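Results of the structural survey
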Amino acid sequence: MRPVHTALAVLVAAVWGFNFVVIEIGLGHFPPLLLSALRFLVAALPAVFFVGRPKTAWKWIIAVGVALGVAKFGLLFTGMAAGMPAGLSSLVLQVQSVFTAVLASLVLRERPGPVRVAGMAVALAGIAVAAVDGGTSGPVLGFTLVVAAAACWGVSNVLTRKASPPDALNFMVWVCTVPVLPLFALSLLLEGPERDLAALRGLDWSGVAVIAYVAWVSTVFGFGAWNHLLKRYPASSVAPFSLLVPVFGMSSAALVLGEGISGLRWVAALLLVGGVGMTSLAPARPGSRTKEAEGGSAAGAAAAVSAGSPPAAAAASPAP
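This structure is a prediction, so every number in the text was calculated from the model and none was measured.

Thresholds, definitions, all that
Residues numbered from 1 in each chain as written. Predicted model: local features only at pLDDT ≥ 70, side-chain atom pairs only at ≥ 80, totals over all residues. Heavy atoms only, no water. Helix = DSSP H or I, 4+ residues; strand = E, 2+ residues; numbered from the N terminus. Buried < 20%, exposed > 50% of the residue type's maximum accessible area, 1.4 Å probe, protein only. Areas by Shrake-Rupley, 256 points an atom, 1.4 Å probe, with all protein chains shown as cover. Phe/Tyr/Trp six-rings, centres within 6.5 Å; stacked < 30°, edge-to-face > 60°. Core = buried A, V, L, I, M, F, W, Y, C linked by side-chain atoms within 4.5 Å. Contact = heavy atoms within 4.5 Å. Patch = residues over 30% accessible without salt bridge, like charges linked within 9 Å, V, L, I, M, F, W, Y side chains within 5 Å. Salt bridge = Lys/Arg side-chain N within 4 Å of Asp/Glu carboxyl O. Axes fitted to C-alpha atoms, helices over the stretch in contact; angles between N-to-C directions. Parallel < 35°, antiparallel > 145°, perpendicular 65-115°, else oblique. Left-handed = near helix turned anticlockwise from the far one by under 90°. Nonpolar A, V, L, I, M, F, W, Y, C, P; charged D, E, K, R; others polar. Expected span 1.5 Å × (residues − 1). Bend = angle between axes of the 7 residues up to and from the residue. pLDDT = per-residue confidence, 0-100.

**With respect to the overall build of the chain**
A tally of regular secondary structure across the chain gives 16 helices and 0 strands. Across the 320 residues of the chain, 55% fall into the buried class. About 12400 Å² of surface is accessible on the chain, with carbon and sulfur atoms providing 71% of the total.

Pasting the structure below:
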């Protein structure tokens with residue numbers, strides 16, 4: 001990769017890692033489901049008026065929108081609101097690559113080779129260590145919700161691969177329209193209209209900045225830059241940079257939010273990042289049903305809409 005593109009890939013990883021800090025700040029302004037709904041609303045508008053009509057079947061747009069937007073982000077934001085630290089969330093969420101690989105083997109009949117199986121085992125060991133660390137530094141419920149969010153992310157990755165959208169930007173902009181109304185409805189039902197109205201009435205410049213960052217900087221810029229790189233270089237060259245996301249996430253959370261990084265968390269980080277790297281970057285097993293040529297940029301799109309990083313598995317397999 002050219003130095004300017006290498007720098008761009010690192011910048012995107014930093015943007016997505018810092019996004020977890022911004023979400024943590026945003027949860028001080030908004031209830032989690034309302035914040036997620038606002039994020040998708042601002043990301044979709046006015047972009048939806050400029051990308052043209054959907055180029056992928058509505059069944060896939062709705063399916064990915066529900067799995068990624070409603071389930072994954074609803075669980076992630078709620079888990080962080082329940083006390084899951086931003087840095088640890090950026091780390092634990094990377095286990096989505098394991099869920100993606102397992103689901104792809106079941107649904108898409110993609111047979112993982114021995115290196116990928118070993119990588120999944122290493123990543124799961126990292127989750128176990130992170131669970132021990134989370135049990136001593138944060139609520140079990142928050143940790144569980146973030147792991148569930150990673151599982152939903154894996155589902156959305158597989159759905160995106162099945163959809164194989166011809167235009168990743170068009171697809172993801174339309175996907176962003178799907179979660180808006182369901183998340184607003186869930187927020188009214190579970191968080192209450194009084195709490196939502198109080199948050200909107202108390203909106204200040206810091207709250208506006210949070211929404212702008214998660215919608216435009218993390219989603220629009222992050223996805224646009226990542227997809228640009230995926231179009232210029234092989235996915236296997238771009239994917240490793242996504243492993244920097246939890247590094248930026250944990251370090252920025254420590255610097256900005258004062259979150260401590262325990263020895264156990266460093267061990268969990270090494271295991272998770274190493275396991276995700278093995279799972280994501282190992283060559284496909286001969287004879288397996290892969291769709292890299294048709295799904296690479298689409299997977300990068302699904303990843304970029306995430307709160308943090310593109311999954312390495314998505315870019316390299318590719319499998320959001």
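From this point, things continue past the structure.
**Quick notes on the packing of aromatic side chains**
If you walk through the whole model with that rule in mind, you get 5 aromatic pairs. Here phenylalanine 18 and tyrosine 213 contribute two aromatic rings whose centre-to-centre distance is 5.8 Å and whose plane-to-plane angle is 75°, an arrangement assigned as edge-to-face. Of this pair, phenylalanine 18 sits in helix H1 (residues 3-26) while tyrosine 213 sits in helix H11 (residues 205-232), and the two are 195 residues apart along the sequence. When its relative accessible area of 29% is taken as the criterion, phenylalanine 18 is described as partly exposed.

**Concerning the nonpolar core**
Considering soluble globular proteins, one finds that nonpolar side chains tend to be buried as a cluster. In terms of nonpolar packing, the biggest core is built from 78 residues, with Leu76, Val92 and Leu93 touching the most fellow members. In this structure leucine 93 touches Phe20, Lys72, Leu76, Val146, Ala149, Ala150 and Trp153, once residues within four positions along its chain are discounted.

**Brief notes about a nonpolar patch on the surface**
On the surface, a nonpolar cluster with roughly 420 Å² of combined accessible area is contributed by Leu11, Trp216, Val217, Val220 and Phe221. Sorting elements by how many residues they give to the nonpolar patch places H11 first, with 4 residues.

**Observations regarding unusual backbone geometry**
A cis geometry characterises the amide bond from leucine 45 onward to proline 46, with omega recorded as 0°. Looking at the secondary structure, you find proline 46 in the loop between helix H2 (32-44) and helix H3 (58-81).

**Looking at the side chain of serine 36**
Here serine 36 shows up in helix H2. The exposure class assigned to serine 36 is buried, which follows from its relative accessible area of 0%. Ignoring anything within four residues of it in the chain, the contact list for serine 36 reads Gly69, Phe73, Gly74, Phe77 and Leu183.

**A closer look at the packing of H1 against H3**
Closest axis-to-axis distance for the H1/H3 pair is 10 Å, and the angle between their directions is 65°. Put simply, H1 runs roughly perpendicular to H3. For the crossing formed where H1 meets H3, the hand is right-handed. Contact residues: Phe20, Ile23 and Glu24 in H1; Leu76, Phe77 and Met80 in H3. By residue class, the composition of the contact of H1 with H3 is 5 nonpolar, no polar and 1 charged.

**Quick notes on the environment of glycine 249**
Mapped onto the fold, glycine 249 is located in helix H13 (residues 245-256). A relative accessible area of 0% means that glycine 249 is categorised as buried. Sequence-wise, glycine 249 and alanine 14 are 235 residues apart; in three dimensions their C-alpha atoms are separated by 7.7 Å. In contact with glycine 249, other than residues within four places in its own chain, are Gly17, Gly87 and Ser90.

**Topic: the packing of H1 against H13**
Where H1 contacts H13, the axes come no closer than 7 Å and their chain directions differ by 50°. Put simply, H1 runs oblique to H13. Handedness of the H1/H13 crossing: right-handed. Contacts from Val10, Ala13, Ala14, Trp16, Gly17, Phe18, Phe20 and Val21 of H1 reach H13 at Val245, Phe248, Gly249, Ser252, Ala253 and Val256.

**Considerations on the environment of valine 22**
Structurally, valine 22 can be placed in helix H1. Setting aside residues no more than four positions away along its own chain, valine 22 makes contact with Val210, Tyr213 and Val214.

**Digging into the pattern of salt bridges**
Pairing between side chains becomes possible if they bear opposite charge and their charged atoms approach one another. Applying the stated rule across the entire model yields 1 salt bridge. One salt bridge in this structure joins lysine 55 and aspartate 167, with 3.2 Å as the shortest N-O distance. In this pair, lysine 55 sits in the loop between H2 and H3 while aspartate 167 sits in the loop between helix H7 (140-163) and helix H8 (168-177), placing the two residues 112 residues apart along the sequence. Accessibility expressed as a relative area gives 47% for lysine 55, which makes it partly exposed.

**Description of H1**
An ideal rise of 1.5 Å per residue puts 34 Å on 24 residues; H1 measures up with 34 Å between its terminal C-alpha atoms. A bend of about 25° at asparagine 19 is the largest found in H1.

**Describing the environment of leucine 75**
With respect to the helices, strands and loops of the structure, leucine 75 is situated in helix H3. Beyond its immediate chain neighbours, meaning those up to four positions away, leucine 75 contacts Val70, Leu145, Ala148, Ala149 and Cys152.

**What to know about H11**
Look at H11: 37 Å from first C-alpha to last across 28 residues, which is about the 40 Å you get at 1.5 Å a residue. Of all the bends in H11, the greatest measures close to 35° and is centred on tyrosine 213.

**As for the confidence of the model for the chain**
Chain-level pLDDT for the chain is 82 on average; 85% of the residues reach the 70-or-more range. Of all secondary-structure elements in the chain, the lowest mean pLDDT belongs to helix H16 (residues 312-316), at 37, while helix H9 (residues 180-191) reaches the highest, 97. Predicted confidence for residues 289-299 stays below pLDDT 50, and this span has 32 contacts to residues more than four positions away or in other chains. With pLDDT under 50 throughout, residues 301-320 is counted as low confidence; its partners more than four residues away or in other chains account for 109 contacts.

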